[in-house]
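Listed below, chain by chain, are the residues.
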Amino acid sequence: MDANVFLFPLAVYLIAVNLVSFLQMGADKRRAKLGARRIREKVLFFTALIGGSVGANLGMAAFRHKTKHRSFVIGMPAILILHLVIAAAVCILL
């Protein structure tokens, strides 16, 4: 079976979930400044965990958001590293 059958939908999914993750960081930063209702931290982590770790890390840097929270400073890069290890393992196995 052709690998593109799996790779194209996976690429579309990863682009979408990373865009959502990035935008969530920006939205939460804006809500924090306005004193509005915030996005729950577990939602931010969940979005990163299901594939949006690049977007979450970029959002943290771009919006300077959650950079003083130890759980985010350690957790988001850890999730990214986990995703990279999984991707490398899949590439090796294919």
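The structure this text deals with has already been given above.
Residues numbered from 1 in each chain as written. Predicted model: local features only at pLDDT ≥ 70, side-chain atom pairs only at ≥ 80, totals over all residues. Heavy atoms only, no water.

*Asks:* Tell me about the overall build of the protein, and name the residues and values.
*Replies:* Regarding its fold elements, the protein presents three helices and zero strands. Over its C-alpha atoms, taken along the principal directions, the protein stretches across nearly 50 × 25 × 20 Å. Burial analysis of the protein (94 residues in total) assigns 28% to the buried set. (Helix = DSSP H or I, 4+ residues; strand = E, 2+ residues; numbered from the N terminus. Buried < 20%, exposed > 50% of the residue type's maximum accessible area, 1.4 Å probe, protein only.)

*Asks:* With reference to specific residues and values, describe the side chain of Asp28.
*Replies:* Structurally, Asp28 is set in helix α1 (residues 4–34). At a separation of 2.9 Å, a polar atom in the side chain of Asp28 contacts the main-chain amide nitrogen of Ile39. Sequence-distant contacts of Asp28, defined by excluding residues within four places in its chain, comprise Arg38, Ile39, Leu44, His65 and Lys66. (Polar contact = N/O pair within 3.5 Å; in protein donor to acceptor, adjacent residues only side chain to side chain. Contact = heavy atoms within 4.5 Å.)

*Asks:* Before we move on, can you summarise α1 with the specific residues and values?
*Replies:* Along an α-helix, residues three or four positions apart point the same way, because every turn accommodates 3.6 residues. Between the first and last C-alpha of α1 there are 44 Å, a value that for 31 residues agrees with the 45 Å anticipated at 1.5 Å per step. Within the sequence span of α1, burial applies to Val17, Asn18, Ser21, Gln24, Met25, Gly26 and Asp28. Once α1 finishes, Gly35 follows within two positions and takes phi at roughly 75 degrees, a positive value. (Expected span 1.5 Å × (residues − 1).)

*Asks:* For the packing of α1 against helix α2 (residues 41–63), give the residues involved together with the corresponding values.
*Replies:* A pair of packed helices can be characterised by two numbers: the angle between their axes and the separation between those axes. Between α1 and α2, whose axes approach to 7 Å, the crossing angle comes to 60 degrees. As judged from the angle between their axes, α1 and α2 are oblique. In the packing of α1 onto α2, the handedness of the crossing is right-handed. (Axes fitted to C-alpha atoms, helices over the stretch in contact; angles between N-to-C directions. Parallel < 35°, antiparallel > 145°, perpendicular 65-115°, else oblique. Left-handed = near helix turned anticlockwise from the far one by under 90°.)

*Asks:* With reference to specific residues and values, describe the nonpolar core.
*Replies:* One recurring pattern in soluble globular proteins: nonpolar side chains tend to sit buried together. Within the largest apolar cluster, nine residues are counted, these being Met25, Ile39, Leu44, Ala48, Ala56, Met60, Phe72, Met76 and Ile79. Breaking this core down by element, the ones donating at least two residues are α2 and α3 (70–93). Top element by residues in this core is α2. It accounts for four residues. Not counting residues up to four positions away in its chain, the partners in contact with Met25 are Leu44, Ala56, Gly59, Met60, Phe63, His65, Phe72 and Met76. (Core = buried A, V, L, I, M, F, W, Y, C linked by side-chain atoms within 4.5 Å.)

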